[in-house]
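Below are the chains, spelled out letter by letter.
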Amino acid sequence: EMGADERVFQERIERGVKIEPKDWMPEAYRKTLVRQISQHAHSEIVGQLPEGNWVTRAPTLQRKAILLAKIQDEAGHGLYLYSAAETLGVSRDQLLSELHSGKAKYSSIFNYPSLSWADMGAIGWLVDGSAIINQIPLCRCSYGPYARAMIRVCKEESFHARQGYDIMLALCNGTPQQKQMAQDALNRWWWPALMMFGPPDGESVNSAQSAQWRIKLFSNDELRQKMVDQSVPQAEYLGLTVPDAKLKWNAETQHYDFGEIDWSEFNNILQGNGPCNRDRLSVRAKAYEEGAWFRDALAAYADKQDRASGQ
Ligand code: 3HC
């Protein structure tokens, strides 16, 4: 049974009013936003690692510059999202310690290794492509700071996806070995990219509540289907084969029917047993420790400035 405050809050949500940090909100609404926004931010920060592996190995100076720009964007997305989370009364240090301790999640997709240059193409095309499909609706979610952060992020994300597809196109128009590299990357990234959208709707514990609060405007399966429908023609244009023998256009539904996702692989990763989980967290924790002197110096400098200006 909803209290008066919650009824008023729910009516505002249903009228499409943006909820701002100072507005009254149910504690559970605040908590689910901290959970989702902080994990989104962690995903951006950890997501830099697979791509960082290829900056010094990029095939040309131009590809290196583009990859650096993308990685720098992801860092910015992370900082944007940590700031959005801070409007809900949590501290960045607290969020980062939850990431480093393994308590907080980040997107499953970043627990796979990036084994060849073609992975930079498949990641841009499929990972950022999936992220866009997930993030466009979030531009219209009910929490103001999150929705506004997403508008900027989505603009940069489309550059990320296009440069990835451009890498795949170059490889597919290259030597047979290069085309095989692209096919190998598609084979390894296709199913993990579909898992990014989360468990099937029937097993999604947060979806119903997040939908009622207009945080989640489309279900996990709806967005996953959108990604399949969008990506299959793109793979065909590249002359690549999607690694799913059951993939088939369904003229009746006007969608692709596709095969079963291996949710045991997904659940394994969520429990921290993916190919790269431990490596990703240790790299992040080490970077944080090694950056302590810089944060302390910034704080000391800021204190000195405050004292100098008599604050
Ligand atoms: N990886 C890790 N955990 C996942 C996951 C995934 N791909 N999908 C779902 N989960 C977790 C959920 O966090 C939840 O666990 P929790 O309650 O402990 O947080 C549990 O699995 C059940 O899933 P639900 O569907 O019930 O959870 P949500 O309603 O939160 O939906 C979500 C999951 C669709 C990922 C939603 O949280 C969301 O839209 N998050 C914002 C988008 C996001 O995080 N994107 C990351 C993409 S990568 C990226 O952005 C970088 C790109 O720029 C390259």
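Scoring rules and cut-offs
Residues numbered from 1 in each chain as written. Predicted model: local features only at pLDDT ≥ 70, side-chain atom pairs only at ≥ 80, totals over all residues. Heavy atoms only, no water. Near = heavy atom within 4 Å. Polar contact = N/O pair within 3.5 Å; in protein donor to acceptor, adjacent residues only side chain to side chain. 1 Å grid on protein atoms, 1.4 Å probe; cavity = no way out; pocket = protein on both sides within 12 Å on 5 of 7 lines; lining within 4 Å. Sits in = over half its atoms within 2 Å of the grid points. Helix = DSSP H or I, 4+ residues; strand = E, 2+ residues; numbered from the N terminus. Buried < 20%, exposed > 50% of the residue type's maximum accessible area, 1.4 Å probe, protein only. Contact = heavy atoms within 4.5 Å. Phe/Tyr/Trp six-rings, centres within 6.5 Å; stacked < 30°, edge-to-face > 60°. Lys NZ or Arg CZ within 6 Å of the ring centre and 35° of its normal. Axes fitted to C-alpha atoms, helices over the stretch in contact; angles between N-to-C directions. Left-handed = near helix turned anticlockwise from the far one by under 90°. Nonpolar A, V, L, I, M, F, W, Y, C, P; charged D, E, K, R; others polar.

1. Section: the site of the ligand
No. 1: Near the ligand, the surroundings consist of 31 residues, among which Arg35, Lys105, Ser108, Ser204 and Asn206 are the closest.
No. 2: Interatomic distance of 3.0 Å between a side-chain N/O atom of Gln39 and an oxygen atom of the ligand.
No. 3: A distance of 2.8 Å is found between a nitrogen atom of the ligand and a backbone nitrogen or oxygen belonging to Ser108.
No. 4: Put simply, the ligand lies in the largest pocket.
No. 5: Secondary-structure elements contributing two or more residues to the shell around the ligand are helix H2 (27-46), helix H6 (117-138), helix H7 (144-172) and helix H11 (263-270).

2. Focus on the environment of Leu95
No. 1: Assignment of secondary structure puts Leu95 in helix H5 (residues 92-100).
No. 2: Judged by its relative accessible area of 0%, Leu95 is buried.
No. 3: The spacing of Leu95 and Ala85 is 10 residues in sequence and 9.0 Å in space, taken between C-alpha atoms.
No. 4: Discounting chain neighbours no more than four positions away, the residues touching Leu95 are Val34, Ser38, His42, Tyr82, Ala85 and Val90.

3. Structural notes on the packing of aromatic side chains
No. 1: Taken as a whole, this structure holds 8 aromatic pairs when the rule is applied.
No. 2: Each ring, one from Phe9 and one from Tyr29, has its centre 4.9 Å from the other, and the planes form 75°; the classification is edge-to-face. With Phe9 in helix H1 (residues 4-14) and Tyr29 in helix H2, the pair connects residues that are 20 residues apart, well separated along the chain. For the pair shown, Phe9 and Tyr29 are each scored as buried.
No. 3: Taken together, the ring pairs connect Phe9, Trp24, Tyr29 and Trp213 into an aromatic cluster.
No. 4: In this structure, Arg57 packs its charged tip against the face of Trp54, placed 5.7 Å from the ring centre.

4. Details of the packing of H6 against helix H10 (residues 220-238)
No. 1: Contact geometry of H6 with H10 gives a least axis separation of 10 Å together with a crossing angle of 145°. The chirality of how H6 crosses H10 is right-handed. Seen from H6, the contacting residues are Trp125, Leu126, Gly129, Ser130, Ile133, Asn134 and Pro137; seen from H10, they are Leu223, Lys226, Met227, Gln230, Ser231, Gln234, Ala235 and Leu238.
No. 2: In terms of residue class, the contact of H6 with H10 is made up of 8 nonpolar, 6 polar and 1 charged.

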